[in-house]
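# Summary of structural features
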Amino acid sequence: MASIGFLGLGIMGKAMAANLVKAGFDVTVWNRNSAKCAELVALGARQGSTPKDVTANCDITFAMVSDPEAALALCQGPDGVVAGIGSGRGYVDMSTVDDTTSKAIADLITQAGGRFLEAPVSGTKKPAEDGTLIILAAGDPSLYEDAKPAFDVMGKMSPYLGEVGQGANMKLVVNMMMGGMLSIFSEGISLGQKAGLDGQQILDIVDAGAMSNPMFKGKGAMLLNENYTTSFPLKHMQKDMRLAVALGDQLEQPLPTAAIANEAFKQAIKAGFAEEDIAAVYKVIK
């Protein structure tokens, strides 16, 4: 069994790394705030001193950080991933970034002799905890095969999507649709309640018809209870919407609905809801 490194222990990374440790993998963890490593160490992981240290001592290193800037910064500098990757070792970036950033990271890794795979995930806190994420892998085929046992622990599905950039693009497409759906869902719940309809009845009727889906069921309860406990931080959804709209500009694909939904998430951030769950977009819509 390959030795595993895991960089980034936020809401998602912590749960994903914990599942690898529980499954019996030899795991070394690192986080910018080192205190977040303690719980994983208690489970049986080792703690690395730097990203360089982790990648230099592990067969495959996974990373899960917040945005393109953080993903790129993790790789650079004397203590970064690239400094430790070495010949033949693998680096799997599971962060949600744009295809340009992913290709830039791939170039840095391969020029240093390593193998690279992008593998952003579809899913939030509970799927991460349950090991039921959808992992969107693209890049080095041999690394994909080597990483597959770990993917099988972290997710329920890990399709191989081809060359670097396609995993990033698939993730942006999925999250763009999610953000748009949540925005119109919030508008519908707001409109219905202002028209005097019962919120729970709206949810029950939606759930019984063609629009039934897990997100509406889960987020609908949050909206009615005004419970915005963070599963997927709103600021990260706005980042993904922004990147999707930028990809549309790059490919000359009109995305008017996504652009409008992005504005709702921007308003929510301006209103101070950045760290709350994506469901908090409802607060600026209602």
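As a reminder, the structure under discussion sits directly above these lines.
Residues numbered from 1 in each chain as written. Predicted model: local features only at pLDDT ≥ 70, side-chain atom pairs only at ≥ 80, totals over all residues. Heavy atoms only, no water.

## Considerations on the side chain of arginine 115
Summarising the element assignment, arginine 115 is placed in strand E6 (residues 115-118). If we ignore the near neighbours within four places in the chain, the residues touching arginine 115 are Gly88, Arg89, Gly90, Tyr91, Ile109, Asp140, Ser142, Leu143 and Asp146. (Helix = DSSP H or I, 4+ residues; strand = E, 2+ residues; numbered from the N terminus. Contact = heavy atoms within 4.5 Å.)

## Re the sheet that holds strand E1 (residues 3-7)
Taken in spatial order, the 7 strands of this open sheet run E3-E2-E1-E4-E5-E6-E9, and their pairing is mixed. On the outer flanks of this sheet lie strand E3 (46-47) and strand E9 (138-139), each paired with one strand and no other. Here strand E5 (residues 90-93) pairs with E6 via 4 bridges, running parallel. Looking at the pairing, glycine 90 lines up with arginine 115 of E6. Running over the sheet, helix H1 (residues 11-22) touches E1 and strand E2 (26-30) and is turned about 165° from E1. (Pairing = 2+ DSSP bridges. Axes fitted to C-alpha atoms, helices over the stretch in contact; angles between N-to-C directions.)

## Thoughts on the pairing of strand E4 (residues 60-63)
By the alternation rule, side chains of E4 split into Ile60 and Phe62 and Thr61 and Ala63, which are all buried. Pairing of E1 with E4, which is carried by 4 bridges, proceeds in the parallel orientation. Note on E4: the bridge partner recorded for phenylalanine 6 is phenylalanine 62. With 4 bridges connecting them, E4 and E5 associate as parallel partners. By the bridge assignment, isoleucine 60 is partnered in E5 with glycine 90. (Buried < 20%, exposed > 50% of the residue type's maximum accessible area, 1.4 Å probe, protein only.)

## Focus on H1
End to end, H1 covers 17 Å across 12 residues, agreeing with the expected 16 Å (1.5 Å per residue, within 8%). When you tally the buried positions in H1, you get 9 out of 12 residues, the bulk of the element. Those residues of H1 that fall on the buried side of the exposure criterion are Met12, Gly13, Ala15, Met16, Ala17, Ala18, Asn19, Leu20 and Val21. Positive backbone phi, at 100°, marks glycine 24, one or two positions downstream of H1. (Expected span 1.5 Å × (residues − 1).)

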